[in-house]
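Notes for the structure review
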Amino acid sequence: HAIDVVLGKRMYAAVSVEYALKPTYRTDRVEPAIRRTLGVNYGKVTREEDPSGLFSLRRRHFGGREYASTIEGTVQNVEGVLWARTVAFTSLSDLDDPEAIALPTTTALYPFVSCDGGHILSLYDKHLLLSAVKEEGS
């Protein structure tokens, strides 16, 4: 019996999140925690990645999808975040070098992003845009 091995690849996504800080918290302390919780990768070898975040390889599966609402909830659960809103979420490309993938010029917010059975969704650090916004009334 012939075996056909197909190389799995990462399908990179772009995410933009607005969030409000709780009083006394600072963005330089909260944003690294948001990146860790979302499981961004930095183009390093897989064994050097944090395996615990939402987009980490250990938590993904081939052909899986992710929801904008899950991203919001994940960010909102980070200590120091009052609320979060996903303002853009779209798939990008499966190029081997995520640094070469340009962010889209227009922002699209899809309720979910999925990929086929040969891909795993991944979030490269530079494809995540975080914006701290002022809480209304403060």
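In this text the structure is predicted, and so the values were computed from the model without any measurement.

**Points about the environment of Tyr-25**
The residue Tyr-25 is located in the loop between strand 1 (9-21) and helix 1 (27-38) in this model. Since its relative accessible area comes to 32%, Tyr-25 is described here as partly exposed. For Tyr-25 and Gly-43, which are 18 residues apart along the polypeptide, the C-alpha to C-alpha distance reads 29 Å.

**Re the packing of aromatic side chains**
In the structure shown here, the tally under the stated rule is 1 aromatic pair. Taking the centre distance of 5.9 Å and the plane angle of 50° together, the rings of Tyr-67 and Phe-112 count as tilted. Taken together, the residues span a long stretch of sequence, with Tyr-67 in strand 2 (residues 65-67) and Phe-112 in strand 4 (residues 112-114) at a distance of 45 residues. What makes Tyr-67 partly exposed here is its relative accessible area of 35%. Exposure remark for Phe-112: the relative accessible area of 34% places this residue in the partly exposed category. For the cation-ring pair, Arg-65 lies above Phe-112, with the distance from its terminal atom to the ring centre recorded as 4.0 Å.

Conventions used here
Residues numbered from 1 in each chain as written. Predicted model: local features only at pLDDT ≥ 70, side-chain atom pairs only at ≥ 80, totals over all residues. Heavy atoms only, no water. Helix = DSSP H or I, 4+ residues; strand = E, 2+ residues; numbered from the N terminus. Buried < 20%, exposed > 50% of the residue type's maximum accessible area, 1.4 Å probe, protein only. Phe/Tyr/Trp six-rings, centres within 6.5 Å; stacked < 30°, edge-to-face > 60°. Lys NZ or Arg CZ within 6 Å of the ring centre and 35° of its normal.

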